[in-house]
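# Commentary on secondary and tertiary structure
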Amino acid sequence: KVSFIFWVPSVFNLFYRLNIFKEIKPEFLKNILFAGEVMQADILKYWMKNLPKALYANLYGPTEITVDCTYYKVPSDFNLDEVPIGVKCKNSDYLVIDEKNKKSKKGELYIRGVGNSLGYWGDKDKTDKSFVQNPLHEDYVDFCYKTGDIVEERNKILFFRGRTDSQIKKHGHRIELNEIELIGAKYQEISNCCALFNSENNQIIFVYDSKNNFETSKIKNFFRSKLPKYMIPDKFICLSKLPLNKNGKIDRKLILRNINK
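Anyway, here's the lowdown on the structure attached to this text. (Residues numbered from 1 in each chain as written. Predicted model: local features only at pLDDT ≥ 70, side-chain atom pairs only at ≥ 80, totals over all residues. Heavy atoms only, no water.)

### Comments concerning the packing of helix α1 (residues 9-18) against helix α2 (residues 41-50)
With their axes 10 Å apart at the nearest point, α1 and α2 run at an angle of 70° to one another. Between α1 and α2, the angle falls in the class roughly perpendicular. For the element pair α1 and α2, the recorded crossing hand is left-handed. Across the interface between the two elements, Phe-12, Asn-13, Phe-15 and Tyr-16 from α1 touch Asp-42, Ile-43, Tyr-46 and Trp-47 from α2. (Axes fitted to C-alpha atoms, helices over the stretch in contact; angles between N-to-C directions. Helix = DSSP H or I, 4+ residues; strand = E, 2+ residues; numbered from the N terminus. Parallel < 35°, antiparallel > 145°, perpendicular 65-115°, else oblique. Left-handed = near helix turned anticlockwise from the far one by under 90°. Contact = heavy atoms within 4.5 Å.)

This is the structure:
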């Protein structure tokens, strides 16, 4: 009689891949929340189709701000191609800051509010890099947490766009690996995926699992129709299942280590 679940999207993806709702539909499930990773719109729509009366919400927030600072309550007629991370929670505020330390519609997300921790225990250097004075003024102490997440604000709603540490430079082009993942996730025959950068040979690697076997040329052509040439992955690897870490997220470090062996 479970009525409330709060999972990482990888678990929702498992239900989607195995088509579990074909066998059973939980009749008591009323509130469905998810956080920790990007939720693919197709997977969310699959759940909403099978459990249309439940409340769905996407929560966002790093551990350092204890722990959610934005949310998106999914409308029953949801038809977007991506799931927003939403609007700010009570007692929380955010800034979107560009590379010139100016307020912008797209840039790194800074978090303000009572949820912010005081820093990392015993690690002043890391604290000083991540917990900084509000770059928009110096009038009073106003510490913000630099999330390292790139977001875009549209109509006062935030959309996740990637990570500052997953932004790479290749042949003079700045590339967000998350943008490649978002496109790959839209390919119907792919269940789960991630984009990695192998700095040893300057290659973008697209790793995915699929319910069906298909020729690599098909996914290459799909990317060619969606992305500029410099963003198309150099190598494609199909796994039976993408490994997950203890938090249920894709273990990118493990995949990259195995590739480099």
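### Details of the sheet that holds strand β15 (residues 235-238)
Reading across from one edge, β13-β14-β15 is the order of the three strands in this open sheet, with mixed pairing throughout. Whereas interior strands pair on both sides, the edge strands pair on one side only; in this sheet they are β13 (190-198) and β15. Here the strands of the sheet are splayed against their neighbours by 20° on average, with no regard to which way each runs. Bridge count between strand β14 (residues 203-210) and β15: four bridges; the pairing is parallel. The residue of β15 that forms the bridge with Phe-206 is Phe-236. (Pairing = 2+ DSSP bridges.)

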